[in-house]
Amino acid sequence: QVQLVESGGGLVQPGGSLRLSCAASGSIFSIYTMGWYHQAPGKQRELVAAITSAGTTNYADSVKGRFTISRDNAKNTVYLRMNSLKPEDTAVYYCSLRIMSLRLDTYWGQGTQVTVSS
């Protein structure tokens, strides 16, 4: 059994910053790629950023230079630092972790709302 718990969302003004966290717990042998997705109302869920077990990162063009993904393997946690937030960043943010537990599978967090508005 694996559980993911997200935290860090909220309401922020344009230009502000937030840091999201996603912590995994349970029967975990290894965590491979960790990622963050977002989904705005009426739109499909999209990849925002991902980080491999080797530390290689990739970002959506819309967030390059503003967002930073990182991971703490000792804590089974992935972070998303979001700077210079824009109203178009408003969405529900989900973490997604590729985890070897009893088998290799993809797990999703419960989602956290990020609202950028003045």
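Predicted, not measured: the structure shown is a model, and the values here were computed from it.

Enquirer: Explain the state of the cysteines to me, please; I cannot follow it from the model alone.
Expert: Linking two cysteines covalently via their sulfur atoms produces the bond known as a disulfide. Counted according to the given criterion, the structure contains 1 disulfide. What pairs with cysteine 22 in a disulfide is cysteine 95, and their sulfur atoms sit 2.1 Å apart. Across the S-S bond linking cysteine 22 and cysteine 95, the dihedral sits near 50 degrees, which makes this disulfide right-handed. Of this pair, cysteine 22 sits in strand β3 (residues 18–26) while cysteine 95 sits in strand β9 (residues 91–100), placing them 73 residues apart in sequence. The exposure classification of cysteine 22 matches that of cysteine 95, with both residues buried.

Enquirer: What exactly am I supposed to notice about the pattern of salt bridges here?
Expert: Side chains that differ in sign of charge can pair as their charged atoms come close. Enumeration over the complete set of coordinates arrives at 3 salt bridges. Across the pair aspartate 61 and lysine 64 runs a salt bridge, and its minimum N-O distance is 3.1 Å. Lysine 64 shares its class with aspartate 61; the two are exposed. Note that arginine 103 is salt-bridged to aspartate 105, the shortest N-O span being 3.3 Å. The partly exposed category is assigned to aspartate 105, whose relative accessible area is 23%.

About the cut-offs
- Residues numbered from 1 in each chain as written.
- Predicted model: local features only at pLDDT ≥ 70, side-chain atom pairs only at ≥ 80, totals over all residues.
- Heavy atoms only, no water.
- Disulfide = S-S within 2.5 Å.
- Helix = DSSP H or I, 4+ residues; strand = E, 2+ residues; numbered from the N terminus.
- Buried < 20%, exposed > 50% of the residue type's maximum accessible area, 1.4 Å probe, protein only.
- Salt bridge = Lys/Arg side-chain N within 4 Å of Asp/Glu carboxyl O.

Nothing here speaks to function; it is geometry throughout.
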